[in-house]
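Structural overview
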Amino acid sequence: MEEQQPKVGPTALGKLVLFLFVLACIGGAAWYFRDLVAPGGRGGAKQVNLDEFKKVEAPDTKGVTTVSEYKYVPGEKLPPVKGVSAYKWDAQQKVVSFPINVWIGWLPIVAANHGFAPSADSVFAKKHGFKVNLKLIDDPVVARDAFAAGDSHVLWGTLDMMVLFAPDLMKDSRSAPRVLQQIDWSSGGDGIVVRGNIHGVSDLKGKTVVYAQNSPSQYFINNLLLNAGIQPSQVKHKFTATAFEAAAAFVADKSIDGCVSWAPDIYNIPDKVKGTRVLTTTAEANKLIADVWAVRADFAKDHPDIVKGLVSGIFEGMDQLKDATFREKAYQWMAEGYGMQADQVRAMANDAHSTNFGENKAFFLNANDPANFERTWKNVTFVYRELGLVDTPTRFDEVMDFSVVQDLDKAGTFASQKDESRTAFAPTSYKKVSAESPILTQTIRINFYPNSANVFEPQHDENGKVVANTLYDPSVSATLEKVARLVGQYERAVVAVVGHTDSSMKGKGTRFEDVKQLSSDRAEAVKQALVKKYNFDPNKFTVEGKGWDEPANPDDPMNQALNRRVEISVYPPEAK
Amino acid sequence: MTTTAAGGSPSPRREPAPSAEAGLLRIREPIPAWQSWLLGIVPVAVLLLVWFGATLGDAEARLISPTILPSPAEVVASLPQLWFERELTRNIGVSFLRVVEGFALAVAVAFPLGVFMGAFTKVKSAFTPLTVFGAYLPIPTLVPLTLSLFGTGEMQKVMFLALAFSIYLVPLFVAAVDAVDDTYLKTAYTLGASKGQTVGRVLLPISWPDIYQAMRLGFGVGWSYILLAEMVDMGRGLGGIILSSQRRGPREHIYLVLVFIVLVAFLTDRLWAAVGRWLFPYREEKR
């Protein structure tokens, strides 16, 4: 048809010029409005206010008790369930759909359930009148979607995953997650592998690390960086979808200096790849990554007895596992469910530490436990908010439901399951501990009153008289809280508390021994404050005073405000 | 209505039975452009309506919970965040570039291979097992392999996409060359054409439109693999946005990105079509 049209309009050159003109106009407009068309977002070097790290809680000036139980009733804080329940349920069969991932921490429920399939022989059927269907759903996204759709009643996850999942799941009050029980602490299952040039977390500055985004790995590494006073933006992050790929990427790509992954990869890599070593694992940071399960809010509301039965049955499974023959049987069941060999399952036994009733009590009920639900949740929230991963964080008490643990505590059902997980420390010296390089060192600043070693020193008026109910350093409790969280996360590690003074009186008649003593007293005071409030083992700490010998910044030795400090160094337990 | 259009009785193709020409649906009926557009809009509108209906009301009163499928309004409302904070356009650019690079690389390999296989039976016999194997290969399993070969950077993503593209393109290229009628070859031989001349002047020119069509279809395939390609080092790109939104939300962004992928795919397809009309005007006239 075209050839029939009369030849009018611009010539070929004219068309070209016109075309270029239009193109230039579009290009120019796009450039002019570039911030609108292709905005740069908030990427780039985001500066985290590291001081905020300790201000997650209001200062608690009393804080000298060791056990303080929550006073409120969970139902008051948990979001109410609206509408008609939306999960699949057969009232005759009563089978709870409980997905799990490949993780040794599920051994107690596998034991209690006598395998993965719903069974009439299970503890749940015999004692509590319902059945449990354990399903292997290893992909957390699939598990989350099945939970949201009401296909499964339970969601597996670590507490840090729950922080990311919660805001979206709570858009529908029926699928709001209720965390009722802690299954285990990751204890060697997660770890960081680095190349030989990295000796501590501080060496990671300017280096590249690879890990699975939005996973416990991300929490692990960024929590570590923030605790060591390193901005996450000072490290190059490479993301993968799963921890397996992170390990593979680290092995394949020599330009990557570290990876965060899971057992067994974290232990296999140093064996197979020359010049790599394990920097730290949850064997030391053994109260950092909490494995839990959550139940749909509408299900918890409709079936309080079943939910209680689930919690009880898992504790009973922990009791059953004390029997060695039964334990072997449980390994076999687990192997069948995962499609693995019993040996492979047994090899995972050291990846996690099952948390019995006593430990759940500490986790859910003791407001002063340094690694309890509330602190773990707030710490995760802090880290993820700083990374820009959560906008409107969920409060811990909108998710934590301690009603069952509290009921069981009052009834004394599992009184025999005591919290025996606490690591016993032998007294040790700073010299011995500091022979190796620390995993990380956290520098804190407490404003001590001149010549005083009292962390809770009140203010003084101009005549030097004490002003009642004041604190010389009002943020001291928040500072101690920050330290306590780190020390609590590294429950199994040895911690050196090292005091430093400024050098303002150097060469003015002050004896170094006195200064050294003062710095040592200040470190000791920090230790005592921590032991008193958070009930740490005193032998976990070793105290040293360095006086004015080690300025904070060797290039700026006269910066006295920086020099007055206490350094908290975390050492691997082997250093004992 | 359909029974009349289907034309059950066997009749010669050139002379359709009267029943084939009547009724609402007629075989290969020419319709005006406006009708074509209107008919295309109806299913989209119905889909939107169903989506709207299924996500109407309070979170708990909806047919589908917002934790699975947010409402259209919620999805639209989350656009500014995706656009400005998560740098949608830049990420589209990043992903698009990867697809283009992977595609170019794949064509560079698949085109000569496909033509040679189509032209020479021995080459075809040698490579057919590989292409058959490739066609049945679950591509996701290749991610770790490309990792160890090409590292974690841009190279790995482009190479992975190139691999996926080649597996798709080679058989289509072979088929395009295969489809050239023997008559043309015989004519060429009669005129004394050499091997090179036959391939370059007969086989290729005749199969160009089909090769082009294969490339047009194949280009879309890249977008279905973008999630896999961007699984590693998922800092930038649309796949990364989807993967991380699945973990930490918002759900809305997953659906928005899907819409944008469809939009980009649609626009590029239009571009392929336009260029195709310009390159091969005779092909359009065949119908």
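Definitions and limits used
- Residues numbered from 1 in each chain as written.
- Chains lettered and ligands numbered in written order.
- Predicted model: local features only at pLDDT ≥ 70, side-chain atom pairs only at ≥ 80, totals over all residues.
- Heavy atoms only, no water.
- Salt bridge = Lys/Arg side-chain N within 4 Å of Asp/Glu carboxyl O.
- Buried < 20%, exposed > 50% of the residue type's maximum accessible area, 1.4 Å probe, protein only.
- pLDDT = per-residue confidence, 0-100.
- Contact = heavy atoms within 4.5 Å.
- Buried area = accessible area lost by both parts, 1.4 Å probe.
- Polar contact = N/O pair within 3.5 Å; in protein donor to acceptor, adjacent residues only side chain to side chain.
- Helix = DSSP H or I, 4+ residues; strand = E, 2+ residues; numbered from the N terminus.
- Nonpolar A, V, L, I, M, F, W, Y, C, P; charged D, E, K, R; others polar.
- Pairing = 2+ DSSP bridges.
- Axes fitted to C-alpha atoms, helices over the stretch in contact; angles between N-to-C directions.
- Expected span 1.5 Å × (residues − 1).
- Bend = angle between axes of the 7 residues up to and from the residue.
- Parallel < 35°, antiparallel > 145°, perpendicular 65-115°, else oblique.

What follows is about the pattern of salt bridges. All names here are of chain A. Evaluation of the coordinates by the stated rule reveals 32 salt bridges over all chains. For aspartate 319, the salt bridge is made with lysine 322, and the minimal N-O distance between the two is 3.1 Å. For lysine 546, the salt bridge identified is with glutamate 550, shortest N-O distance 3.3 Å. Overall, the relative accessible area of 18% leaves lysine 546 in the buried class. Overall, the relative accessible area of 36% leaves glutamate 550 in the partly exposed class.

Further remarks concern the confidence of the model for chain B. Residue and element names in this part refer to chain B. Averaged over every residue, the pLDDT of chain B is 84; residues scoring 70 or more account for 91%. In the predicted structure, residues 1–9 sits below a pLDDT of 50 and forms 7 contacts with residues beyond four places in sequence or in another chain. Across the assembled chains, the prediction reports ipTM 0.76 with pTM 0.82.

With 33 residues of chain B at the contact, the number on the chain A side is 43 residues. For chain B, the biggest contributors to the area lost against chain A are B:Glu60, B:Arg247 and B:Arg248; these three give 27% of the whole. Linking chain B with chain A are 3 salt bridges. The residue A:Asp145 makes a salt bridge to B:Arg251 at a minimum N-O spacing of 3.3 Å. Scanning the region where chain B abuts chain A turns up 11 residue pairs in polar contact (both at pLDDT 80 or more). Every element with two or more residues in the side of chain B that touches chain A is listed here: helix H5 (79–85), helix H6 (88–119), helix H8 (143–150), helix H12 (238–248) and helix H13 (251–279) of chain B. Among the elements that take part in the side of chain B that touches chain A, H12(B) stands out by supplying 5 residues, more than any other. Residue classes in the side of chain B that touches chain A are distributed as 12 nonpolar, 12 polar and 9 charged.

Residues and elements named next belong to chain A. Spatially, S3-S10-S4-S11 is the arrangement adopted by the 4 strands of the open sheet, whose pairing is antiparallel. Edge positions in the sheet fall to strand S3 (154–158) and strand S11 (352–354), since each of these pairs with one other strand and no more. On average, each strand axis in the sheet is tilted by 35 degrees relative to the strand beside it, whichever way the strands run. Here strand S4 (residues 177–186) pairs with S11 via 3 bridges, running antiparallel. In the strand pairing of S11, aspartate 184 is matched with serine 354. In the packing of helix H12 (residues 304–320) onto the sheet, the strands contacted are S3, S4, strand S10 (290–296) and S11, and the crossing angle to S4 comes to about 10 degrees.

We now examine unusual backbone geometry. The linkage connecting A:Ala263 with the following residue, A:Pro264, adopts the cis geometry, with an omega of 5 degrees. Positive phi is not limited to glycine here, since A:Asn214 has a value of about 60 degrees. Relative to the elements of secondary structure, A:Asn214 occurs in the loop between strand S6 (208–212) and helix H8 (216–227). Despite not being glycine, B:Arg28 shows a phi value in the positive range, around 50 degrees.

The first and last C-alpha atoms of helix H11 (residues 195–229) of chain B sit only 40 Å apart over 35 residues, clearly below the 51 Å expected at 1.5 Å per residue. The largest bend in H11(B) amounts to roughly 50 degrees and is located at B:Trp208, with the proline B:Pro209 lying one to four residues further along.

This brings us to the packing of H6(B) against H12(B). All names here are of chain B. The geometry of H6 relative to H12 is characterised by a closest axis approach of 7 Å and an angle of 120 degrees between their N-to-C directions. Classified by the angle their axes make, H6 and H12 are oblique. For the pair H6 and H12, contact is made by Leu88, Asn91, Ile92 and Ser95 and by Leu238, Gly239 and Ile241, respectively. When the residues that make up the contact of H6 with H12 are grouped by side-chain class, the tally is 4 nonpolar, 3 polar and no charged.

Residues and elements named next belong to chain A. Spatial strand order, S7-S6-S8-S5-S9: 5 strands in an open sheet with mixed pairing. The open sheet has two edge strands with one neighbour each: strand S7 (236–240) and strand S9 (276–281). Strand-to-strand, the axes of this sheet are offset by a mean angle of 25 degrees, without reference to chain direction. Lying over the sheet, helix H9 (residues 243–252) contacts strand S5 (190–195), S6, S7, strand S8 (258–262) and S9, oriented at roughly 145 degrees with respect to S8.

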